[in-house]
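Observations on the three-dimensional arrangement
Each chain, letter by letter, is given below.
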Amino acid sequence: MIASFSVRRQAGPRFGYRGSGGPVTVVARSLHARLYGLPTAPPPLPTALDELLQALGTVRDSDQQQAVLAQLAEQLRNAAEILEWARDNARQLPAPVWEWLRDATDTTRHLADGLDDVSPSFASPQATATPLPPPAPPTPRAAPTRR
């Protein structure tokens, strides 16, 4: 059996550069593995958030779901580092902006820690899962004044 895949040059702009399955090579490798009875190892998860979102369409088992959540937690920690860098390296931020960046950094780290707590629930049976405490409610903040 011979399978040939090609993509029209105008397909990207025509469909808004959206795809549902990933690159054609992934489909070809999967087809090849299934035809010849080879093991199909899941591809490594992407690190970019938009690519991680697209990868959700191919996630099938609970271990892959747990891996996606772990990758998301890692990306949230990276986002917290970026927010902290912005807060520490900006020149003369107004107090409300500095406080907002500090709170956003803390909240982002809290979300990452929460994902670490939740992700094992996807790999283990639901009967042994312990209920998690509800997330802390966000504190209302005034928007920083623009000048």
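The coordinates are above.
In this text, all values refer to a predicted model and were calculated from it rather than measured experimentally.

So, on to the overall build of the protein. Of the regular secondary structure elements, the protein holds six helices and zero strands. Beginning at the N terminus, the succession of helices and strands in the protein can be written as α-α-α-α-α-α. Residues classed as buried in the protein amount to 14% of the 147 residues present. Within the protein, contacts between residues at least 6 apart in sequence are counted, and of these 54% link residues at least 24 apart. For the protein, the accessible surface area stands at approximately 11900 Å², while carbon and sulfur atoms represent 59% of it.

All right, on to the environment of P120 then. Residue position: P120 is located in helix α6 (residues 120-123). Along the chain, P120 and S62 lie 58 residues apart, while their C-alpha atoms are 9.3 Å from each other.

A few words on helix α4 (residues 62-89). If you check α4, its first and last C-alpha atoms are 41 Å apart, about what 28 residues at 1.5 Å a residue would give, namely 40 Å. Inspection of α4 places V68, L69, Q71, A73, Q75, L76, A80 and R87 among the buried residues, and these make up the whole buried set. As for α4, its buried residues are in contact with α3 (49-55), α5 (95-118) and α6.

With that settled, the discussion passes to the nonpolar core. With five residues, the main nonpolar core is built from L69, A73, L76, A112 and L115. Where this core is concerned, the elements lending two or more residues are α4 and α5. Take this core: its biggest share by element is three residues, from α4. In contact with L76, other than residues within four places in its own chain, are T108, L111, A112 and L115.

Overall, the coordinates contain seven salt bridges when judged by the stated rule. In this structure, D113 and R77 form a salt bridge, with 3.3 Å as the shortest nitrogen-oxygen distance. Within this pair, whereas D113 is found in helix α5, its partner R77 is found in helix α4, the two being separated by 36 residues in sequence. Look at R77 and you get partly exposed, because its relative accessible area is 25%. One salt bridge in this structure joins D103 and R102, with 3.4 Å as the shortest N-O distance. In this structure R102 comes out as partly exposed when scored by relative accessible area, which is 30%. Put simply, E81, E84, R87, D88 and R109 are held in one network by salt bridges that share partners.

A contiguous nonpolar patch, built from L35, Y36 and L38 and spanning about 330 Å² of accessible area, is present on the exposed surface. Within the fold, Y36 resides in the loop between α2 (24-35) and α3. On the basis of relative accessible area, Y36 is assigned to the exposed category, the value being 57%.

Moving on, we come to unusual backbone geometry. Of note, the phi angle at Q92 is positive, near 50°, even though the residue is not glycine. Within the secondary structure, Q92 is located in the loop between α4 and α5.

One turn of the α-helix equals 3.6 residues, which is why residues spaced by three or four share an orientation. With 24 residues, α5 should cover 34 Å at 1.5 Å per step; its first-to-last C-alpha distance of 34 Å lies within 8% of that length. Looking at α5, one finds that the buried residues are L101, D103, A104, T105, T108, A112 and L115. Contacts made by the buried residues of α5 are with α4.

So, how was this worked out
Residues numbered from 1 in each chain as written. Predicted model: local features only at pLDDT ≥ 70, side-chain atom pairs only at ≥ 80, totals over all residues. Heavy atoms only, no water. Helix = DSSP H or I, 4+ residues; strand = E, 2+ residues; numbered from the N terminus. Buried < 20%, exposed > 50% of the residue type's maximum accessible area, 1.4 Å probe, protein only. Contact = heavy atoms within 4.5 Å. Areas by Shrake-Rupley, 256 points an atom, 1.4 Å probe, with all protein chains shown as cover. Expected span 1.5 Å × (residues − 1). Core = buried A, V, L, I, M, F, W, Y, C linked by side-chain atoms within 4.5 Å. Salt bridge = Lys/Arg side-chain N within 4 Å of Asp/Glu carboxyl O. Patch = residues over 30% accessible without salt bridge, like charges linked within 9 Å, V, L, I, M, F, W, Y side chains within 5 Å.

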